[in-house]
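Secondary and tertiary structure notes
Here is what each chain is made of, one letter per residue.
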Amino acid sequence: MENSRIAQQGLVLLGCGKMGSAMLEGWLSRGLPAASVSVIDPYPSDWLQSTGVALNGELPPAPAVVLVAVKPQMMADALPRLQAMGGGSTVFVSVAAGITIDYFESILGADTPVVRAMPNTPAAISKGITAIAGNGAAGEASLSEAEELLSAVGEVVRVETEADIDAVTGVSGSGPAYVFHMIETLAAAGAAEGLPPELAMRLATATVAGAGALAQAADVGPDRLRINVTSPNGTTQAALEVLMDEENGFPALMKRAVRAATERSRELANG
């Protein structure tokens, strides 16, 4: 990144909480010069102050990218300050949940390149996955720059339209919480069978983490992995007969959960 357009023209990071800090750490470790980064954050952490980035000062007039990582409720105060950067070559990349491209265009102008991104919380340890969609003014170059920046905290995928971001929210954006709850309930079920709660939690956490890592590393799909560990009439099959029940098991439950999150994402986006 040290010789990129971003390094030469500058990058503005609007908001540097957990997500912003994770991204900034990734960019700096990839060679982006701290002098190329300007951060606006009202409560900078000690770590942020130690990085050498320009903090809460004058911004470059036409940076390559403005990455918006403020909480959605702070957007109305923060974004109008950057209005003068709209309508030019500056690409606005937003990781703010529920804030539509239309909203950015209403403040910055419809000819402003805008890329909306939906990351998830494992980005904090560079294990995230982020989906991106751009507006009409955001061509291949803008999407590629957004992809380069967001890949600092994990995988990046492109979706066809902004409308797909709602379903992405239902699957990967909110999905880590589903997995955390699965760990909770798996541990509680183990404790109910007589295991010490602390041991049950260690077993459940390591099992979910290990299975996820195996699913990512394997060259076959999760259906084949499941079949491979299911002996006929064995213990796994006994459990799966409960979990795979079409009416009361995971298939129906997960479909309802993802639909609820997706619909809520649409409601939030529509005000």
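Along each chain, residue indices are assigned from 1 in the same order as the chain's sequence is written. Per-residue local features are limited, in this predicted model, to residues with pLDDT of at least 70; the limit for side-chain atom pairs, both in listing and counting, is 80 or more; totals at the level of whole chains, interfaces and linings are taken over all residues. Side-chain metrics rest on all non-hydrogen atoms present in the structure, leaving aside hydrogens and water.

1. Structural notes on the pattern of salt bridges
The term salt bridge refers to a side-chain nitrogen of Lys or Arg lying within 4 Å of a carboxyl oxygen of Asp or Glu. Within the structure shown, the criterion is met by five salt bridges. The shortest N-O distance in the salt bridge between Glu145 and Arg5 comes to 2.7 Å. Taken as a pair, Glu145 in helix H6 (residues 140-150) and Arg5 in helix H1 (residues 5-9) lie far apart in primary sequence, 140 residues in all. Overall, the relative accessible area of 12% leaves Glu145 in the buried class. Among the ionic pairs, Glu267 bridges to Arg264, the shortest N-O distance being 3.1 Å. Of the two residues, Glu267 and Arg264 are both situated in helix H12 (residues 250-269); the distance of three residues between them amounts to about one turn of the helix. A relative accessible area of 46% places Glu267 in the partly exposed class. Linked by salt bridges that have partners in common, Glu140, Glu147 and Arg158 make up one network. The secondary structure listing takes helices from DSSP runs of H or I that are at least 4 residues long and strands from runs of E that are at least 2 residues long, numbered from the N terminus. Buried, partly exposed and exposed residues are distinguished by accessible area as a fraction of the type maximum, computed with a 1.4 Å probe on protein chains only: under 20%, between the cut-offs, and over 50%, respectively.

2. What about the sheet that holds strand S3 (residues 54-55)?
Strand order in the open sheet made by the eight strands is S3-S2-S1-S4-S5-S6-S7-S8, with mixed pairing throughout. Either end of the sheet is taken by a strand with one partner, and the two such strands are S3 and strand S8 (154-158). Summarising the sheet, strand S4 (residues 65-68) and strand S5 (residues 91-94) pair through four bridges and their orientation is parallel. Residue Val66 lies in a different strand from S5, and its bridge partner there is Phe92. DSSP bridges decide pairing: two strands pair if at least two such bridges lie between them.

3. With respect to the pairing of strand S6 (residues 114-118)
Counting buried positions over the five residues of S6 gives five, a clear majority of the element. Burial of S6 is two-sided: the residues Val114, Arg116 and Met118 facing one way and the residues Val115 and Ala117 facing the other way are all buried. In terms of strand pairing, S5 meets S6 through three bridges, oriented parallel. Looking at the pairing, Val93 lines up with Val115 of S6.

4. Points about the packing of helix H7 (residues 164-173) against helix H8 (residues 175-192)
To get an axis, a line is fitted to the C-alpha atoms, and for a helix only the part in contact is used. The angle between two axes follows their N-to-C directions and goes from 0 to 180 degrees. It is at 5 Å that the axes of H7 and H8 come closest, and there the two elements cross at 30°. Classified by the angle their axes make, H7 and H8 are roughly parallel. Along its contact with H7, which presents Thr169, Gly170, Val171, Ser172 and Gly173, the element H8 presents Gly175, Pro176 and Tyr178. Lys, Arg, Asp and Glu make up the charged group, whereas Ala, Val, Leu, Ile, Met, Phe, Trp, Tyr, Cys and Pro make up the nonpolar group; the residues left over, Gly among them, are polar. The residue makeup of the contact of H7 with H8, split by class, is three nonpolar, five polar and no charged. Angle categories: roughly parallel below 35 degrees, roughly antiparallel above 145, roughly perpendicular from 65 to 115, and oblique for all the rest. In this analysis, two residues are considered to be in contact whenever any of their non-hydrogen atoms come within 4.5 Å of each other.

5. A word on the environment of Pro63
In this structure, Pro63 sits in the loop between S3 and S4. Note on Pro63: relative accessible area 0%, which makes it buried. A sequence separation of 41 residues divides Pro63 from Phe104, and the C-alpha atoms of the two residues are 17 Å apart. Among residues more than four places away in sequence, those in contact with Pro63 are Gln9, Gly10, Leu11, Val12, Met85 and Thr90.

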